[in-house]
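# Survey of secondary and tertiary structure
One-letter residues, chain by chain:
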Amino acid sequence: MARIHNGGRGGMHDGSGRITVQNLSKQFGPVNAVQNLSFTVEPGSVTGFLGPNGAGKTTTLRMLLGLVTPSAGTATINGRPHSQLGNPARVVGSVLENEGFHPSRTARNHLRVYAAAIGMPDQRVEEVLGLVGLSPAADRKAGGFSLGMRQRLALATALLGNPQVLVLDEPANGLDPEGILWLRNFLRAYAREGRSVLVSSHLLNEVEQTIDQVVIISQGMTRYYGSLDQLKKSRQSRVLVQPADVSVLVTALQEAGFTQVSPTPDGRVAVVGATVRQIGDLAAKAGTALYGMQEEHADLEHLFFQLTSSQFSGYPQQGPPPGYQQPYQQGPPPGYQQPGYQQPGQPPYQQGPPPGQQNGWGGQG
Ligand SMILES: Nc1ncnc2c1ncn2[C@@H]1O[C@H](COP(=O)(O)OP(=O)(O)OP(=O)(O)O)[C@@H](O)[C@H]1O
Ligand SMILES: [Mg+2]
């Protein structure tokens, strides 16, 4: 069989490997699954596409892959919608939820069928089996594969066309710790070759070490778009205080202008934006004893909860995630912005939080 020398990459599209999502929206009846979403994935980088269950991740990826028609906006690869890519398997490889395999077909045979369909030689089947670590199981039936093995087989299928762009929906699901480590190294190496990788997850810490850039969505809307480094920098430390009288301390703090004060599940008070010394002095003046103070740095997962909770969105509450802490004061102050929050109609916010942005814990700006 003749090889297609340019991998089907010539002519039809710009060959950049760039993914561009612009003002993308999708409604399913009354459900706004995706709302005015915009981001780009640059070649040579791994972008994490993060959001809780039902946030609209799969719907977005399906629109990008031409499986769902957008209600508005565009999703392109190499400047083209998926339907205009020519031989798309040579441009973009993808793994979506619930990939089905013929249960009685072996992994090798499954891959050979797909390879033939996209004009790749059988030799490529052996290569991708090796790449995903399935060579020893190549002649076993896919129906007997574990979840992790099925994930690997799906990834092998996506890699058959040696694509420039990889789009993976929750690829870490079902992988054991070794598999997650392997996937992380694989995706990083793949991006280092100048390819684009877009990978979704509902857990930030699962992909934290894999990704360069992050798009966080909730209820179909962008909550953060920017570099992971910038997101990490927007975290803040807080002080956990155990006062003799909670309400006396909270009042004293609020009167002194420290408004980011919230209770913790264990009965302490979490204070953002005040030093241990300031809190101690205020407590002394207010006449309540302190039995302990502890400084803590916000972890990324907590920040992720904050960004994706519907607390400040003005949309119906779905209830806070487990461990979410309700602030004492309800509602954000005027002008409150989440870090990296993308205002509708504005260009993506890449430079990190605005000056004076206070965030990372209580969400009280
Ligand atoms: N074909 C469909 N018909 C109707 N509603 C749909 C359809 N597909 C998705 N939705 C709805 O759109 C919203 C977003 O779903 P989507 O599957 O994109 O979320 P997700 O971020 O991938 O979630 P998960 O983490 O659970 O996979 C949900 O409210 C879902 O019920
Ligand atoms: Mg999904």
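Predicted model only: the values in this text are computed from it and were never measured. (Residues numbered from 1 in each chain as written. Chains lettered and ligands numbered in written order. Predicted model: local features only at pLDDT ≥ 70, side-chain atom pairs only at ≥ 80, totals over all residues.)

### Section: the overall build of the protein chain
Heads up, the condition is: To qualify as a helix, a DSSP run of H or I must reach at least 4 residues; to qualify as a strand, a run of E must reach at least 2; elements of each kind are numbered from the N terminus. Contact between residues is assigned whenever the C-beta positions, reconstructed from backbone atoms, fall within 7 Å.
Helix and strand content of the protein chain: 10 helices and 13 strands. Look at the contacts in the protein chain between residues 6 or more apart in sequence, and 73% of them connect residues 24 or more apart.

### Some thoughts on the sheet that holds strand β12 (residues 269-272)
Which entries qualify depends on this criterion: Any two strands are treated as partners once DSSP identifies two or more bridges connecting them. Helix axes are fitted to C-alpha atoms over the stretch in contact, other axes to C-alpha atoms as well, and angles between N-to-C directions run from 0 to 180 degrees.
Here we have 4 strands laid out as an open sheet, ordered β11-β12-β10-β13, and antiparallel in their pairing. The open sheet terminates on both sides in strands that have one partner only, identified here as β11 (261-263) and β13 (290-297). Across the sheet, the axes of successive neighbouring strands diverge by a mean angle of 25°, strand direction being ignored. Note: strand β10 (residues 237-243) against β13, 7 bridges, orientation antiparallel. Of the residues in β13, the one forming a bridge with Arg-238 is Glu-296. Across the sheet, helix α8 (residues 246-255) is in contact with β10, β11 and β12; its angle to β12 comes to roughly 10°. Of the strands in this sheet, β10, β12 and β13 are in contact with helix α9 (residues 276-286), which crosses β13 at around 155°.

### What to know about the site of ligand 1
What counts is decided by this rule: Each residue gets a C-beta atom placed from its backbone. Should that atom fall within 6 Å of a molecule or strand, the residue is termed near it. For this classification, Asp, Glu, Lys and Arg are treated as charged, while Ala, Val, Leu, Ile, Met, Phe, Trp, Tyr, Cys and Pro are nonpolar and the rest, including Gly, are polar.
Surrounding ligand 1, one finds Phe-28, Val-31, Ala-33, Gly-51, Asn-53, Gly-54, Ala-55, Gly-56, Lys-57, Thr-58, Thr-59 and His-202. Only β2 (31-41) and α1 (57-64) provide two or more residues apiece to the shell around ligand 1. For the shell around ligand 1, the element with the most residues is α1, which contributes 3 residues. Here the shell around ligand 1 is composed, by residue class, of 4 nonpolar, 7 polar and 1 charged.

### Observations concerning the pairing of strand β9 (residues 221-227)
Quick reminder of the rule: We call a residue exposed when 12 or fewer other C-beta atoms sit within 10 Å of its C-beta, buried when the count reaches 20 or more, and partly exposed for counts in between; the C-beta positions come from the backbone.
A large share of β9 lies buried, amounting to 6 of its 7 residues. Pairing of strand β8 (residues 213-218) with β9 involves 6 bridges; the strand directions are antiparallel. Bridging across to β9, Ile-217 finds its partner in Thr-222. Hairpin connection between β8 and β9: a loop of 2 residues separates the two successive antiparallel strands, and Gln-219 in this loop has a positive phi of roughly 50°.

### As for the pairing of β12
What you see with β12 is no split at all: Val-269 and Val-271 on one side and Ala-270 and Val-272 on the other are buried throughout. Of the pairings in the sheet, the one linking β11 to β12 comprises 3 bridges and is antiparallel in character. Bridge pairing in β12 links Val-261 to Val-271.

### Quick notes on helix α2 (residues 107-117)
Just so we agree on the cut-off: Regarding the arc, it is the one traced by the directions from the helix axis to the C-beta atoms.
Residues Ala-107, Arg-108, His-110, Leu-111 and Ala-115 constitute the buried set of α2. Along the axis of α2, the buried positions cluster into a sector of 160°, meaning they face one direction only. Following α2 by one or two positions, Gly-119 adopts a phi angle in the positive range, close to 75°.

### Overview of the packing of α8 against α9
Each pair of packed helices gets described by two things: the angle between the helix axes and the distance between those axes. Applied cut-off: By the definition used in this description, the sense in which the near helix is turned from the far one sets the handedness, with an anticlockwise turn below a right angle giving left-handed and a clockwise turn giving right-handed.
Two elements in contact, α8 and α9, have axes whose closest approach is 9 Å; the angle formed by their N-to-C orientations is 115°. Like other packed secondary-structure pairs, α8 and α9 cross with a definite hand, here right-handed. Between α8 and α9, the residues in contact are Val-248, Leu-249, Ala-252 and Leu-253 and Leu-282, Ala-283, Lys-285 and Ala-286, respectively. For the contact of α8 with α9, a count of residues per class yields 7 nonpolar, no polar and 1 charged.

### Some words on unusual backbone geometry
A positive phi angle, near 55°, is found at Asn-78, a position not held by glycine. Here Asn-78 lies in the loop between β4 (72-77) and β5 (92-95).

### Describing the sheet that holds strand β1 (residues 19-28)
Strand order in the open sheet formed by 3 strands is β2-β1-β4, with antiparallel pairing between adjacent strands. Both outer strands of the open sheet, β2 and β4, are each paired with one neighbouring strand and no more. The sheet shows a mean angle of 20° between the axes of neighbouring strands, direction not considered. The pairing of β1 with β2 spans 7 bridges and is antiparallel. Bridge pairing in β2 links Leu-24 to Leu-37. Packed on one face of the sheet, α1 meets β1, β2 and β4 and runs near 120° to β1.

### Some points on the environment of His-82
Counting through the fold element by element, His-82 comes out in the loop between β4 and β5. A C-alpha to C-alpha distance of 8.8 Å links His-82 and Val-92, two positions 10 residues apart in sequence. In contact with His-82, not counting residues within four places along its chain, are Leu-64, Leu-65, Gly-66, Ile-77 and Pro-88.

### Considerations on the confidence of the model for the protein chain
Counted only if it meets this: Confidence per residue, as judged by the predictor, is encoded in pLDDT with a range of 0 to 100.
Looking at the protein chain as a whole, its pLDDT mean stands at 82, while 81% of the residues score no less than 70. Predicted confidence for residues 1-10 stays below pLDDT 50, and this span has 13 contacts to residues more than four positions away or in other chains. A low-confidence stretch, residues 311-365 stays under pLDDT 50, and its non-local contacts, those more than four residues away or across chains, total 100 contacts.

### Here we look at α1
Most of α1 is tucked away: 8 of the 8 residues are buried. When α1 is considered as a whole, its buried residues turn out to be Lys-57, Thr-58, Thr-59, Thr-60, Leu-61, Arg-62, Met-63 and Leu-64.

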